[in-house]
Amino acid sequence: MTRIDQTFARLRAEGRKAFVTYIMGGDPTFETSLEVMKGLPGAGVDVIELGMCFTDPMADGPTIQAAGQRALDHGMNTDRVFEMARAFRATDDSTPIVLMGYYNPVYARGVDRFLAEAKEAGIDGLIIVDLPPEEDSELCLPAQAAGLNFIRLATPTTDAARLPRVLQNTSGFVYYVSINGITGSAAPSADSVGPEVARIKEATDLPVVVGFGISTPEGAEVMARVGDGCVVGSAIVKLIGEGRPVAEVLSRVAALAEGAHRG
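These numbers come from a predicted model, not from an experiment.

Visitor: Explanation requested: the packing of aromatic side chains in the structure shown.
Guide: Two measures describe an aromatic ring pair: the distance that separates the ring centres and the angle between the ring planes. One pass over the structure, following the stated rule, counts five aromatic pairs. Pairing Phe54 with Tyr102 gives two aromatic rings, centres 5.6 Å apart and planes at 35°, and the pair type is tilted. In this pair, Phe54 sits in the loop between strand 2 (47–51) and helix 3 (62–73) while Tyr102 sits in the loop between strand 3 (97–101) and helix 5 (103–109), placing the two residues 48 residues apart along the sequence. Between Tyr103 and Tyr107 the ring centres are 5.9 Å apart and the planes differ by 55°, which places this aromatic pair in the tilted class. Here Tyr107 and Tyr103 lie together in helix 5, a separation of four residues that amounts to about one turn. Given the relative accessible area of 11%, Tyr103 is considered buried. The ring centre of Phe30 lies 4.1 Å from the NZ or CZ of Arg80, which sits over that ring.

Put into structure tokens, the structure is as follows:
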């Protein structure tokens, strides 16, 4: 079992939902980003999604696009993402880390090299948003052979014909994108998300975690209640981008975590 599998098994045994957060690696600087990352588990975060900055982030809204550009401007790259993960692992060997980003940096590095370095750095899973199931042999299957979960996105437009293909080689958890659109856009509603999550859960035993558009403790509670947990990204990245002190960022994260864990 990966750390992701172990975490969801523990939460299920405790009767709690998962709180997953996204931060952009290296935003605004390597040091600040690492400080935030190290503080997330203590603030109640169960799984950390660590963003890999890229110059053409097609699924990201303005907030995360700006974060990626800040990271790039301060010299963040794939080497430093792995360095950040290793530094985190020096003091935390249990919180799962999922790298989230686009395929280009993986391809440029070479799949075998990327996976070996990710595993060595303590990475547990990948979310590569622009690599569809038809390309599973490119990265998904090699990643799973290397002991990494490959987490797939399902969306409101993933119909009954498409869903089995999306779920076929997915592991760790399913990330349900609760809205049609980019990160940080309109808030989702339980009335629309609940039936979709139920439909996915009928087709898989994997946990289903709801993300996109969640920005308040109340929203986190509602979305965690209809799924097996929720993801908050842009709301946290926005605070970092505003230059808020790390302590304030982590305090806001803790409030979001409390909401999710009430779900």
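Continuing now.
Visitor: Help me understand unusual backbone geometry, please; the structure alone is not making it clear to me.
Guide: Apart from glycine, the bulk of residues carry a negative phi angle, and the bulk of peptide bonds sit in the trans form. Going from Asp27 to Pro28, the amide bond is cis rather than trans, its omega being -5°. Along the chain, the position of Pro28 falls in the loop between strand 1 (18–24) and helix 2 (30–39). For Phe212, which is not glycine, the phi dihedral falls at a positive 80°. Taking the relative accessible area as the measure of exposure, Phe212 reaches 9% and is therefore buried.

Visitor: Is there a simple way to explain helix 3 in this structure?
Guide: In an α-helix there are 3.6 residues to a turn, and that puts residues three or four apart on one side. Between the first and last C-alpha of helix 3 there are 16 Å, a value that for 12 residues agrees with the 16 Å anticipated at 1.5 Å per step. Residues of helix 3 that are buried: Ile64, Ala67, Gly68 and Ala71. Buried residues of helix 3 fall within an arc of 100° about the axis and therefore sit on the same side. Away from its buried face by more than 90 degrees, helix 3 exposes Pro62 and Asp73. Elements that come into contact with the buried residues of helix 3 comprise strand 1 and helix 11 (234–241). Once helix 3 finishes, Gly75 follows within two positions and takes phi at roughly 85°, a positive value.

Visitor: Explain the packing of helix 9 (residues 190–203) against helix 10 (residues 217–226) to me, please; I cannot follow it from the model alone.
Guide: Following both chains from N to C, one finds helix 9 and helix 10 inclined at 25°, their axes separated by 9 Å at the closest point. In terms of axis orientation, helix 9 runs roughly parallel to helix 10. Considering how the two elements wind past one another, helix 9 and helix 10 form a crossing that is right-handed. When helix 9 is examined against helix 10, the residues Ala190, Val193, Gly194 and Val197 are found in contact with a partner set consisting of Val222, Met223 and Val226.

Calculation criteria
- Residues numbered from 1 in each chain as written.
- Predicted model: local features only at pLDDT ≥ 70, side-chain atom pairs only at ≥ 80, totals over all residues.
- Heavy atoms only, no water.
- Phe/Tyr/Trp six-rings, centres within 6.5 Å; stacked < 30°, edge-to-face > 60°.
- Helix = DSSP H or I, 4+ residues; strand = E, 2+ residues; numbered from the N terminus.
- Buried < 20%, exposed > 50% of the residue type's maximum accessible area, 1.4 Å probe, protein only.
- Lys NZ or Arg CZ within 6 Å of the ring centre and 35° of its normal.
- Expected span 1.5 Å × (residues − 1).
- Arc of directions from axis to C-beta.
- Contact = heavy atoms within 4.5 Å.
- Axes fitted to C-alpha atoms, helices over the stretch in contact; angles between N-to-C directions.
- Parallel < 35°, antiparallel > 145°, perpendicular 65-115°, else oblique.
- Left-handed = near helix turned anticlockwise from the far one by under 90°.

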